[in-house]
Amino acid sequence: MSASIKRSAYSALSRHVWAVGAAIALSAAFMAAASVLAWFPARLAWQVDQTWFGRLAAMALMVAGIALVLLVRLRLVQAEVIQGARFLSPVGIDDLTGLSNRAAFYRAFERALDGLAERRAFTLVLLDLDHFKEINDSHGHHAGDVVLAQVGRRLRQVCGPEPEIARLGGDEFAIIISASSAPAHVLTACALISAEIAKPVTVDGKTLNVGVSMGFLQVDRPSGDRDDLMRQADRALYAAKERGRGCAIAYDVEMDKDVAQRRFFERELRGAVLTGEIDVHLQPILTADGETLVGMEALARWNHSYRGAIMPGEFIRLAEETGLIHQLGNIVLQRACRAAARWPGLFISVNVSPVQMRRPDFPDVVMAVLGETGLEPGRLVLEVTESVMIDDPEKALVALRSIRDLGVQIALDDFGTGFSSLSYLRKFPIDKLKVDRSFVLDLDKGAEAATILHCVINLGRALGLRVIAEGVETVEHARFLRAAGCHEMQGYLFGRPMPVTEFEAIYGLAPAPERAVA
């Protein structure tokens, strides 16, 4: 906002102040003059005339009323000016966080680049808050503003007054650290920043958690202009997000190749979602005796036009980061439910990404798919990972309860590989526990692995959950799991994931009679 507009705002407020003051002064003068005219003749005649008291009181009340109205008006104008006082902040300062804004940061960046001629090296750090969009979507922009302001204060507290710290916009921040340090020292500083920002933020009685990903670039000699260096630091930041967020990574020249490949892969994935290259394969799930088929797990497959079948591990994370996971997840859910609706008596398990679970309308999506495909809700099992419960327990509890209210079952996938506690298992509406395949494969390594797996199975049974073991590859695995009390098993011993038509043919499944779907 220009200086002339600032001066206009101050002048407008001043005019209102002077207007109120002048009105009160004139009213007071009028009241005094009227009082003298009413009182002085009576004094000269040495008469005791009390009528002037009433007139004086009436005029005093009138003046007080006028003054009150004017003062209220002044207060309203003052509130308006204060409400719009963001433009009164010093030039170059972000009004929300008190840090430098983008323009001021770029000026400081140019000064740092000029200093390279005198061998004054520096480190550029770019920061991006993890899952900040979910805070805005779930709790509103007011909560997001509170979090941003708190992050600004914490950055200044950790970094001190020396480094240039700026909010570039949204949830993006940047730091210029004067003097070059060893990468290990920069990583230590980034760890301190991450630990401080990760502390909970309380907004309207709710505890919000936010993390941060960082990419940094050490600049000790002229090697490009400002935009080139910003792009390099941004690539390091992207690599930090791709690694799993909550970490800091230094820029490496190989990242340029990775970014180009990733952008190409992202375009390919978008095309696959639109053209129907995403399909599902089914893996059988059998009872503990290994004889009776009770269900199957639907696993996404990308039938690439020239690369062939691409496994989920190669594209699910990319889909989550780009937001494509919602479309992709809906496709997998629809195709899985449509296949299961053909075979009465079997359940179908579908993996759900934590990103999908964070959307408030996900239970509505599940309900719509069940209605479209005609699958009974009790035959659908949604598999969630422990991170769903850890990231935002309150929101996850609401979502899982809404899904359970539909009649859909919930399975906790990859149990034992994360940080689930007994309190989570007791608090959340979970029907099944899927023991991670790594526990089963470790059975070949000795008695210790067998003891751990036995404890995990007993824990699930004690909590009243059906226990499913993944990764069963040998007869010995199946024999141990059966004796340990596992309810269901799946793995290469019983069958690999296969197309729907092949699954139907191998297990001799007869399609159910078609029925009208509401």
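About the criteria used
- Residues numbered from 1 in each chain as written.
- Predicted model: local features only at pLDDT ≥ 70, side-chain atom pairs only at ≥ 80, totals over all residues.
- Heavy atoms only, no water.
- Helix = DSSP H or I, 4+ residues; strand = E, 2+ residues; numbered from the N terminus.
- Buried < 20%, exposed > 50% of the residue type's maximum accessible area, 1.4 Å probe, protein only.
- Contact = heavy atoms within 4.5 Å.
- Areas by Shrake-Rupley, 256 points an atom, 1.4 Å probe, with all protein chains shown as cover.
- Salt bridge = Lys/Arg side-chain N within 4 Å of Asp/Glu carboxyl O.
- Pairing = 2+ DSSP bridges.
- Axes fitted to C-alpha atoms, helices over the stretch in contact; angles between N-to-C directions.
- Core = buried A, V, L, I, M, F, W, Y, C linked by side-chain atoms within 4.5 Å.
- pLDDT = per-residue confidence, 0-100.
- Phe/Tyr/Trp six-rings, centres within 6.5 Å; stacked < 30°, edge-to-face > 60°.
- Lys NZ or Arg CZ within 6 Å of the ring centre and 35° of its normal.
- Patch = residues over 30% accessible without salt bridge, like charges linked within 9 Å, V, L, I, M, F, W, Y side chains within 5 Å.

An unreviewed UniProt entry annotates the chain as Bifunctional diguanylate cyclase/phosphodiesterase of Phreatobacter stygius.

(A) The arrangement of the overall build of the chain in detail. The number of helices and strands found in the chain is 19 helices and 17 strands. Relative to its 518 residues, the chain shows a buried fraction of 43%. Residue pairs in contact within the chain that sit at least 24 positions apart in sequence constitute 69% of those at least 6 positions apart. Counting every atom, the chain has about 26,900 Å² of accessible surface; 57% of that belongs to carbon and sulfur.

(B) Region of the structure containing the side chain of E266. For E266, the location among the structural elements is in helix α8 (residues 254-275). Given the relative accessible area of 19%, E266 is considered buried. If near-sequence neighbours (up to four positions away) are discounted, E266 is found in contact with L318 and T322.

(C) Quick peek at the pattern of salt bridges. In total, this model carries 18 salt bridges according to the counting rule given. As a salt-bridge pair, E266 and R270 come within 3.2 Å of each other at their nearest N and O atoms. On the criterion of helical spacing, the pair formed by E266 and R270 is a turn pair, its members being 4 residues apart in helix α8. Where K432 meets E488, a salt bridge forms, and the shortest distance between an N and an O atom there is 3.8 Å. Note that K432 is positioned in strand β14 (residues 432-435) and E488 in strand β16 (residues 488-489), a separation of 56 residues in sequence. Looking at E488, the relative accessible area reads 4%, which means it is buried. Salt bridges sharing common partners tie together E297, E383, K434 and E470.

(D) Layout of the sheet that holds strand β6 (residues 211-219). As summarised here, the arrangement of the 5 strands in space is β2-β3-β1-β6-β7, forming an open sheet in which the pairing is mixed. Single-partner strands in this sheet number two, and they are β2 (164-169) and β7 (248-250). Recorded for the sheet is a direction-independent mean angle of 20° between the axes of neighbouring strands. Packing of helix α5 (residues 141-159) onto the sheet brings it into contact with β1 (122-130), β2 and β3 (172-178), and relative to β3 it is tilted by some 10°.

(E) Seen up close, the nonpolar core. Grouped together as the largest cluster of nonpolar side chains are 80 residues, with contacts concentrated most on I348, L380 and L382. Sorting elements by how many residues they give to this core places helix α10 (residues 325-340) first, with 9 residues. Discounting chain neighbours no more than four positions away, the residues touching I348 are L282, M296, A298, A336, A340, L375, R379, L380 and V381. In this structure, A143, L155, V186 and M214 belong to the second largest nonpolar core, which totals 26 residues.

(F) Spatial organisation of the confidence of the model for the chain. Of all residues in the chain, 79% attain a pLDDT of 70 or more, and the chain-wide mean is 81. Strand β11 (residues 347-351) holds the highest mean pLDDT among the elements of the chain, 96, whereas helix α1 (residues 3-44) holds the lowest, 58. Low pLDDT, under 50, characterises residues 1-7; the stretch is placed with 6 contacts to residues that sit more than four places away or in other chains. Across residues 85-89, where pLDDT falls below 50, the model places 8 contacts with residues more than four positions away in sequence or in other chains.

(G) Structural view of unusual backbone geometry. In this structure, H131 takes a positive phi of about 60° despite not being glycine. For H131, a relative accessible area of 31% translates into the label partly exposed.

(H) The arrangement of the packing of aromatic side chains in detail. Under the counting rule described, the total for this entry stands at 7 aromatic pairs. On the numbers, 5.8 Å between centres and 85° between planes, the contact of F109 with F122 is edge-to-face. In this pair, F109 sits in helix α3 (residues 102-114) while F122 sits in strand β1, placing the two residues 13 residues apart along the sequence. In this structure F122 comes out as buried when scored by relative accessible area, which is 2%. Where W302 meets F315, the ring centres are 5.8 Å apart and the plane angle is 85°; that geometry is what we call edge-to-face. Of this pair, W302 sits in strand β9 (residues 293-304) while F315 is found in the loop between β10 (308-310) and α9 (316-322), placing the two residues 13 residues apart along the sequence. The lysine or arginine in question, K432, covers the ring of F347, its NZ or CZ lying 3.5 Å from the ring centre. Cation over ring: R496 sits above Y492, and NZ or CZ is 3.8 Å from the ring centre.

(I) Seen up close, a nonpolar patch on the surface. A cluster of nonpolar side chains, L68, V72 and L76, forms an exposed patch at the surface whose accessible area comes to about 280 Å². You can call L76 partly exposed: its relative accessible area is 48%.

(J) Representation of the environment of S305 within the structure. As for its position among the elements, S305 is in the loop between β9 and β10. Given the relative accessible area of 60%, S305 is considered exposed. In this structure the C-alpha to C-alpha distance between S305 and A272, which are 33 residues apart in sequence, comes to 9.0 Å.

(K) How the structure looks around the pairing of strand β12 (residues 380-384). When you tally the buried positions in β12, you get 5 out of 5 residues, the bulk of the element. Along β12, one buried face is formed by L380, L382 and V384 and the opposite face, lined by V381 and E383, is buried too. Where β11 lies against β12, 4 bridges are found, and the strand directions are parallel. The residue bridging V350 from the neighbouring strand is L382, located in β12.

(L) Highlighting the pairing of β9. Of all the 12 residues making up β9, 11 are buried; the element is thus mostly covered by neighbouring parts of the structure. As judged from the 9 bridges shared by strand β8 (residues 278-287) and β9, these two strands associate in the antiparallel manner. Paired with I278 across the two strands is W302, which belongs to β9. Counting the residues between successive antiparallel strands, the hairpin from β8 to β9 contains 5 residues, one of them, G290, with a positive phi of roughly 75°. Taken together, the 4 bridges between β9 and β11 define a ladder with parallel strand orientation. Looking at β11, one finds that G295 is bridged to F347. Between β9 and β10, which pair antiparallel in sequence order, lie 3 residues.

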